[in-house]
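The residues making up each chain are set out below.
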Amino acid sequence: MKNFEQRLQRLEYLADRIKEPDLPIEEAMKVFEEGMTLSKGLRKELESLQGKVEMITNGPDDQGGPDMVPFQEVKE
Amino acid sequence: MHLKKPHVDAIVIAMGFPAKEKAAADSSPLLTVSELTSLIKGNLEASFPDVTVEGEISNAKLASSGHFYFSLKDENSIIQAVMFKSKLAALGFAPSDGLRVRAHGAISVYAQRGQYQLIVQSLRKAGTGDILAMLEERKRLLASQGYFDAERKKALPRFPGRVAIVTSPTGAAIHDILNVLGRRNSAIDIVILPAPVQGAEAAPAIAKRIEQANRLDIADVIVVCRGGGSLEDLLPFSETVVVKAIAASRIPVISAVGHEIDWALSDFAADLRAPTPSAAAELVAESREVLLRELDQFQAVLESTMRSKLDALGASLEVFSPELVKARFEILSLPIVNRLDDAHEALVNSIKGLLADLDHWIALACSIIETASPQAVLKRGFSIVRRVGKTQAVSASAGQAAASRGGNEIVRSSTGLEPGEHLHISFAEGSALADVREVNE
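Okay, so let's go over this structure.

About the criteria used
- Residues numbered from 1 in each chain as written.
- Chains lettered and ligands numbered in written order.
- Predicted model: local features only at pLDDT ≥ 70, side-chain atom pairs only at ≥ 80, totals over all residues.
- Heavy atoms only, no water.
- Helix = DSSP H or I, 4+ residues; strand = E, 2+ residues; numbered from the N terminus.
- Buried < 20%, exposed > 50% of the residue type's maximum accessible area, 1.4 Å probe, protein only.
- Lys, Arg positive; Asp, Glu negative; His and termini not counted.
- Salt bridge = Lys/Arg side-chain N within 4 Å of Asp/Glu carboxyl O.
- Polar contact = N/O pair within 3.5 Å; in protein donor to acceptor, adjacent residues only side chain to side chain.
- Axes fitted to C-alpha atoms, helices over the stretch in contact; angles between N-to-C directions.
- Parallel < 35°, antiparallel > 145°, perpendicular 65-115°, else oblique.
- Left-handed = near helix turned anticlockwise from the far one by under 90°.
- Nonpolar A, V, L, I, M, F, W, Y, C, P; charged D, E, K, R; others polar.
- Pairing = 2+ DSSP bridges.
- Contact = heavy atoms within 4.5 Å.
- Buried area = accessible area lost by both parts, 1.4 Å probe.
- Patch = residues over 30% accessible without salt bridge, like charges linked within 9 Å, V, L, I, M, F, W, Y side chains within 5 Å.
- Areas by Shrake-Rupley, 256 points an atom, 1.4 Å probe, with all protein chains shown as cover.

1. Details of the side chain of Arg226 of chain B
All names here are of chain B. The residue Arg226 is located in strand β8 (residues 221-226) in this model. One buried charged residue, Arg226, forms no salt bridge at all, with the nearest opposite charge on Asp233 at 4.5 Å. Within polar-contact distance, the side chain of Arg226 engages the backbone oxygen of Gly228 at 3.2 Å. Of the polar contacts made by the side chain of Arg226, one reaches the backbone oxygen of Asp233; its length is 3.4 Å.

As structure tokens, then:
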């Protein structure tokens, strides 16, 4: 599956394409269906996001993958 | 009150009140408040028409008139000050409480309040002159090297799913950001890359965190930020190493340093400057709401365009509805039906005529045939004579049989007949056999 931005761009393209006056109706139906599927998928993805806050524990010079811990705010 | 009098006199003396009018406490000249204030005003304003004073701003208040009222203070003293709107507009920074400034202006007495204050003509941050000059010089250098070029700026992703924050994990900035994101229910993943944000070790640490974020491809957007502070506190964000790290970042960078009025060179290198860390968070949080609205719009476009296309198609198909097709066919077929009807009628009529003619002709033919019938001739008294031959049977019936067989020829002339020859004679009714007795030619 393409990433969010790519799918969003595809949706934009489809929304433009369907407005073309000489687009055959079969083509328009395909555009419509693909566009609606994309739109619903993107929306679902956006709405289902939870949003977690983590902090990387690697030092700035550490190589390898990031080690993360959930971030607990400590007030100064 | 008696304690006040010598005090007032002392001021008067100090201000150069004419000595000859000096009198004993009891006999000092009686002044009205306005007279006294006027004297003070005249002396004071004449003495300090042009002063520069350094102090810390407090009680800063921007009046609705646009004039800026504040106090300048140091450890022991305080003086009221005002900067009028026209001068304030030319100021390169927003003066706020706690800021050390050098104010240049004139002392003025405000008679109605019995106060004296500094009318500020110009204001600059105290002790910042050197730092600002250094920053300007560095800014010029980095700009000339292309680090601030507009072409370098990357577009922020419309929806950053994950945001890296390079800041102090205990600072005001991260607190503000998490506050905003929590309030906005942004649902965006945040990863904090802790770095000190002031002091000598801050700049290299911030730069390395930016490099690390890129190396680990850790987020869609990096926010480099810290809360407000003194010009010196913000300096790490203006360090060349930070500017270069931001410019080199493949991941788009938002710089959010201090308050609205503050700036750092990181702002110029970043793809986007947010006036505060909170504002950066708003930008990030907004992206999801904006995107959801955009999705709504796309969906509406798809639906409405599809509907209008289908409507248009329906309208063009209506021409072909069964009722209309039937009506149209009828219109088209009517002439043909008419022609068919006409032809049919013509045909029927013609046949009738033809049959009538035929009847007529048959009747005519019958009468002609009847007229031409040998029987009819016979009835008129003629007879048919056939040769039967000499040696043949002579009975009339045998002759008739022979005649009907066509064996004997009809006699049309006497030539060839011989006496004694038998002839068969057919009458209208009956027949007879006769002998030839004499032949006359």
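2. Things to note about the pattern of salt bridges
Going through the model one piece at a time under the given rule, you end up with 21 salt bridges over all chains. In this structure, the salt-bridge partner of Asp217 of chain B is Arg250 of chain B, at a minimum N-O distance of 3.9 Å. Of this pair, Asp217 of chain B sits in the loop between α6 (202-215) and β8 while Arg250 of chain B sits in the loop between α8 (240-248) and β9 (253-257), and the two are 33 residues apart along the sequence. With its nearest N and O atoms 3.0 Å apart, the salt bridge here joins Arg273 of chain B to Asp267 of chain B. A residue is classified by how much of its surface remains accessible, and Arg273 of chain B, at 34% relative accessible area, is partly exposed. Overlapping salt bridges bring together Glu12 of chain A together with Arg158 and Glu294 of chain B as one network.

3. Some words on the packing of helix α2 (residues 25-48) of chain A against helix α10 (residues 277-318) of chain B
For the pair α2 of chain A and α10 of chain B, the least separation of the axes is 10 Å and the interaxial angle reads 160°. One element, α2 of chain A, and the other, α10 of chain B, form an angle in the roughly antiparallel class. Considering the relative orientation of α2 of chain A and α10 of chain B, their crossing is left-handed. By residue class, the composition of the contact of α2 of chain A with α10 of chain B is 15 nonpolar, three polar and seven charged.

4. Describing the sheet that holds strand β1 (residues 51-62) of chain B
Residue and element names in this part refer to chain B. The five strands are arranged β1-β2-β3-β5-β4 in a closed barrel whose pairing can be described as mixed. If you compare each strand with its neighbour and ignore which way they point, the axes differ by 50° on average. Sheet analysis places β1 next to strand β4 (residues 100-110), joined by six bridges and oriented antiparallel. In the strand pairing of β4, Glu56 is matched with Arg100.

5. Regarding the interface of chain B and chain A
Taken together, the contact pairs 38 residues of chain B with 49 residues of chain A. Buried surface at the junction of chain B and chain A, summed over both partners, amounts to about 3900 Å²; 64% is from carbon and sulfur atoms. Our enumeration of links across chain B and chain A arrives at five salt bridges. As a salt-bridge pair, Arg43 of chain A and Asp296 of chain B come within 2.5 Å of each other at their nearest N and O atoms.

6. Things to note about a nonpolar patch on the surface
Taken together, the side chains of Leu347, Ile351, Leu355, Leu358, Trp361 and Ile362 of chain B make up a nonpolar region of the molecular surface, amounting to roughly 600 Å² of accessible area. Here Leu358 of chain B shows up in helix α11 (residues 322-372).

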